[in-house]
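Residues per chain are reported as follows:
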Amino acid sequence: MPGDVSLLLWINQGWGDPGLDFLFHWISQRAGFSTPLLLVLLWMCWRGSRVAGIKLWLLLLFGLALGDMLGNLLKAYFALPRPCYEMFEQLRALGGGIYRQCDAPVTGMPSSHALNFFFVASFLTYALRNISLSASLYLLSLLVGISRIYLGKHYPSQVLTGALVGLLFGYLFAWLGLRAFAFGRAFLPGMGVESWPRRHEQGSALASRPGHSGAPLGIGWSPLSYLLLAGRGDAQ
């Protein structure tokens, strides 16, 4: 892709900063960021929809597993190397040290990080129709995509491809998955269940009624609030 290398070096070298080193390293970690994010989403789904929310979260995990498989198949098909493998001598390491050549897997088209994060954003946007949640997830997805370029793990074209595949796959999986299961149909547009922002206004009153069944309700906080708290804990 024209300009791929120049854009990569501009972000990797031109943006070099200790604060960005910490931020982009943290949000690229599966154990330190992705797993806490999934647990936050589990709590929010349970708080909003109880049993139906947990089932929605499990469906999301299944889609993530399929997305990982799809990403690996595309990596094997395109067989395009990562910048950290073929041009590591030109890259800036975290803290400004010497960049070391990355180990296997050396193929990077598409970025699985970008694919998975944009999958989650697209899937939950379709299922929950919550503006603040969608905006937060898409912002996080964008930052994660940039982090992969900043860290020299992927070319911009590999991140862009991963994002587009994740968006399309997330929408398609949500469209099919929610129709395939009885619990999922309650989340479909036009099926008698209002969007989460509206349901949140009614959530407290409904939850207090005797015999409340746990039908989908709303989410109180923006997920960014929980992630900032998780980030503070991770930094300590």
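The structure reproduced in this document is the subject of the present report.

Once that is clear, we can look at the overall build of the chain. Within the chain, the secondary structure is distributed over 9 helices and 0 strands. Order of helices (α) and strands (β) in the chain, N terminus to C terminus: α-α-α-α-α-α-α-α-α. Going through the 236 residues of the chain one by one, you find that 45% of them count as buried. Long-range contacts, defined here as pairs at least 24 residues apart, represent 78% of the contacts in the chain between residues at least 6 apart.

The description of an aromatic ring pair uses the distance of the two centres, along with the angle that the planes make with each other. By the definition in use, this model includes 14 aromatic pairs. Between Trp 10 and Trp 15, the ring centres sit 5.3 Å apart and the planes meet at 80°, which makes this aromatic pair edge-to-face. Assessed through its relative accessible area of 27%, Trp 15 is described here as partly exposed. One aromatic cluster is present, built from ring pairs that chain together Phe 62, Phe 119, Phe 123, Phe 169 and Phe 173. One Lys or Arg, Arg 50, reaches over the ring of Trp 46 and ends 4.3 Å from the middle of that ring.

Right, let's get into the environment of Ala 76. Looking at where Ala 76 falls in the secondary structure, it is placed in helix 3 (residues 30-78). Here Ala 76 falls in the exposed class, since its relative accessible area comes to 59%. On a C-alpha basis, the gap between Ala 76 and Pro 105 in space is 10.0 Å, while along the polypeptide they are 29 residues apart.

In this model, helix 6 (residues 131-150) (20 residues) spans 28 Å end to end at C-alpha, consistent with the 28 Å of a helix rising 1.5 Å per residue. Along helix 6, the positions that sit buried rather than exposed are Leu 133, Ser 134, Ser 136, Leu 137, Leu 140, Ser 141, Val 144, Gly 145, Ser 147, Arg 148, Ile 149 and Tyr 150. With its phi angle positive at about 75°, Gly 152 sits one or two positions after the end of helix 6.

Once that is clear, we can look at the side chain of Asn 12. With respect to the element layout, Asn 12 can be found in helix 1 (residues 4-14). With relative accessibility at 0%, the residue Asn 12 sits in the buried group. Only 2.7 Å separates the side chain of Asn 12 from the backbone nitrogen of Arg 92, close enough to count as a polar contact. Only 2.8 Å separates the side chain of Asn 12 from the backbone oxygen of Tyr 150, close enough to count as a polar contact. If sequence neighbours within four positions are ignored, Asn 12 has contacts with Leu 91, Arg 92, Ile 149, Tyr 150, Leu 151 and Gly 152.

Cut-offs used in this document
Residues numbered from 1 in each chain as written. Predicted model: local features only at pLDDT ≥ 70, side-chain atom pairs only at ≥ 80, totals over all residues. Heavy atoms only, no water. Helix = DSSP H or I, 4+ residues; strand = E, 2+ residues; numbered from the N terminus. Buried < 20%, exposed > 50% of the residue type's maximum accessible area, 1.4 Å probe, protein only. Contact = heavy atoms within 4.5 Å. Phe/Tyr/Trp six-rings, centres within 6.5 Å; stacked < 30°, edge-to-face > 60°. Lys NZ or Arg CZ within 6 Å of the ring centre and 35° of its normal. Expected span 1.5 Å × (residues − 1). Polar contact = N/O pair within 3.5 Å; in protein donor to acceptor, adjacent residues only side chain to side chain.

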